[in-house]
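# An overview of the molecular structure
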2 protein chains.
Amino acid sequence: MEKLYESVEKKGTVCVGLDTAVEYIPESLRKSYDTVEDQLFYFNKKIIDATCDITATYKIQIAYYEAEGLSGLNAYKRTLEYIREKNIPVIADIKRGDIAKTAEMYAKAHFSGEFEADCITINPYMGIDTLEPYYDYLKNGKGIFVLLKTSNPGSGAIQNIKSENNETVYEILATLLEKEGERFALKNGYSPIGAVVGCTHVDEGKKLRKMMPRTFFLVPGYGAQGGTAADVSEYLNDGNGGVVNSSRGILLAYKRDNPDNLAFDEASRHAVIQMRDAISAVSKRG
Amino acid sequence: MEKLYESVEKKGTVCVGLDTAVEYIPESLRKSYDTVEDQLFYFNKKIIDATCDITATYKIQIAYYEAEGLSGLNAYKRTLEYIREKNIPVIADIKRGDIAKTAEMYAKAHFSGEFEADCITINPYMGIDTLEPYYDYLKNGKGIFVLLKTSNPGSGAIQNIKSENNETVYEILATLLEKEGERFALKNGYSPIGAVVGCTHVDEGKKLRKMMPRTFFLVPGYGAQGGTAADVSEYLNDGNGGVVNSSRGILLAYKRDNPDNLAFDEASRHAVIQMRDAISAVSKRG
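Computed from a predicted model, the values in this text were never measured in an experiment. (Residues numbered from 1 in each chain as written. Chains lettered and ligands numbered in written order. Predicted model: local features only at pLDDT ≥ 70, side-chain atom pairs only at ≥ 80, totals over all residues.)

## What to know about the nonpolar core
Selection rule: Nonpolar cores are identified as sets of buried Ala, Val, Leu, Ile, Met, Phe, Trp, Tyr and Cys residues joined via C-beta atoms within 7 Å. With C-beta atoms placed from the backbone, the exposure class of a residue follows from how many other C-beta atoms lie within 10 Å of its own: 20 or more, buried; 12 or fewer, exposed; in between, partly exposed. A pair of residues counts as a contact when their C-beta atoms, built from backbone coordinates, are separated by no more than 7 Å.
Membership of the largest hydrophobic core comes to 186 residues, with the highest contact counts inside it found for Val146(A), Leu148(A), Val219(A), Val146(B), Leu148(B) and Val219(B). In this view, Leu148(B) contacts Tyr170(B), Leu173(B), Ala174(B), Leu177(B), Ala195(B), Val196(B), Val197(B) and Leu208(B); residues no more than four positions away in its chain are not counted.

## Brief notes about the confidence of the model for chain A
Inclusion rule: Each residue carries a pLDDT score, the predictor's confidence in it, ranging from 0 to 100.
Looking at chain A as a whole, its pLDDT mean stands at 96, while 99% of the residues score no less than 70. Confidence metrics for the complex model read pTM 0.98 and ipTM 0.97.

## Focus: the packing of helix H3 (residues 36-51) of chain B against helix H13 (residues 264-282) of chain B
All names here are of chain B. Rules: In this description, a line fitted to the C-alpha atoms serves as the axis of each element, helices being fitted only across the stretch in contact, and the angle between N-to-C directions of two axes falls anywhere from 0 to 180 degrees. To qualify as a helix, a DSSP run of H or I must reach at least 4 residues; to qualify as a strand, a run of E must reach at least 2; elements of each kind are numbered from the N terminus. Any angle that is under 35 degrees is reported as roughly parallel, and any over 145 degrees as roughly antiparallel; angles of 65 to 115 degrees are reported as roughly perpendicular and all others as oblique. Each crossing gets its hand from how the near helix is turned against the far one by less than a right angle, where anticlockwise is left-handed and clockwise is right-handed.
Following both chains from N to C, one finds H3 and H13 inclined at 45°, their axes separated by 8 Å at the closest point. Considered as vectors, H3 and H13 are oriented oblique to each other. Note that H3 runs across H13; the crossing there is right-handed. On H13, the residues that touch Lys46, Ile47, Asp49, Ala50 and Thr51 of H3 are Asp265, Glu266, Ser268, Arg269 and Val272.

## Some details on the environment of Leu73(B)
Within the secondary structure, Leu73(B) sits in helix H5 (residues 69-85). By the C-beta count within 10 Å, which is 26 here, Leu73(B) ends up buried. A C-alpha to C-alpha distance of 26 Å links Leu73(B) and Gly194(B), two positions 121 residues apart in sequence. Apart from the residues lying within four places of it in its own chain, the contact partners of Leu73(B) are Leu70(A), Leu73(A), Tyr65(B) and Glu66(B).

## Concerning the interface of chain B and chain A
Heads up, the condition is: When residues are sorted by character, Ala, Val, Leu, Ile, Met, Phe, Trp, Tyr, Cys and Pro go into the nonpolar class, Asp, Glu, Lys and Arg into the charged class, and all the rest, Gly among them, into the polar class.
Counting from both sides, the interface comprises 50 residues of chain B and, opposite them, 49 residues of chain A. When residues of the side of chain B that touches chain A are traced back to their parent elements, those giving at least two are helix H4 (62-66), H5, strand S3 (90-96), helix H6 (100-111), helix H8 (156-159) and helix H9 (169-182) of chain B. Considering every element that reaches the side of chain B that touches chain A, the biggest residue donor is H6(B), with six residues. For the side of chain B that touches chain A, a count of residues per class yields 24 nonpolar, 15 polar and 11 charged.

Here it is as structure tokens:
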């Protein structure tokens, strides 16, 4: 989470989501490469090359690669390697969550070896004890983002159940996570235990920001899902303390509002600049 | 879930968990194969060969294979293929959970293509709407097991939060899942929406069995985690309606109580027979 914080200081809060479905790739690029592996990788590479100087971090959604089997996962691995070469922090959006030895295996899988990332997303449904297998890695610069309040319309089914003490499930979890993070406190004021808080429920986001002043947020839901720059500013602290993800809004910018017929990578760059500036305009330091 | 039900009718309730860590593999087998991929696959193959006539289903825990990167996932794929060849239903223990298009990608990944399984485990924290992308596959013979009440000591942190109506989170979820399953009702009385209910919390298991008469259970926690045959019988309906998983108890049987110095695969067979008979002795039909 140190690398992420530094990256936001330098480049703003944009997180480019590499949720790369084969059908998002322009026909011309698809024709240039014979394998799905190369198509996925070279599409990502062009997006990364076009945006790496203005992007705080990349979030790579593993589901899109798993869906293509081993060749997809080869593209996943090569994309992670390429982002590491560029020395940009990368978040693996894997939403794993399991117990004991199985969680150790997930930690090994995604914090070392071929699929190594800087941060990963974790699902907490099985309990706070399921986070512990990741803790050794947190002492060595890695970070986790725990699902807290997600951006989908039905996210309340479990997350918003109200307890007998009048707190929602996500509020109870927020208190636990903020406390859990204390023992790993970083110099920048945050901890390597972050939280996923979607920007489609702004009142809840504001409340969570107050409850969790030392927790770094990964904020999905911008753009395609409806979140605006003004919404997002409520999740940040003076322009840091979080990264804001957009996936289709950036990857598919070339298919929308593209009067100059920009190449897909140029269009993605424009979309990142627009997003970065829109967010920084409303979240300036006081 | 039809295939699983039929398999339990014929062979009993044992689910062999292929949570194959490299260090579980006997030295002699490891020396016979140069690659981790082959070591994992041939260990699994021998376990499958030794147990397939007495095992209702295999549950393959993907974390152990992800931890070995692409070669691990190659072994994962080959193991799935081998189980399919034997015409035995296989559960992919992937515990994925995500929204909309991302969930569609996970469904594609694990219900078709190289990683195709009959059933998969799903994490419901993000909401009931996140199950919907799997529904088209349920109409075509696939099944999901949704995490409900898990076997780990800390499982209550979220699952046992008590609501303002005095129901726990897992009870609220149980009601939702049982209802959700109704629209896919199968001839055998169950639905393709199953639930994961650990056998380390027996009172809760009994309660859930009553609340969810038409839901098929995947029951982890037997053996190494402390669950007994008597505990398990409370989760079944007349000896069907669920499968009971054991992983290390079977894979590592050769390292424990092995006075005759059986080979690892023979020892695993003995462990399965013992478990099957112990469970059937206490869950006989009335």
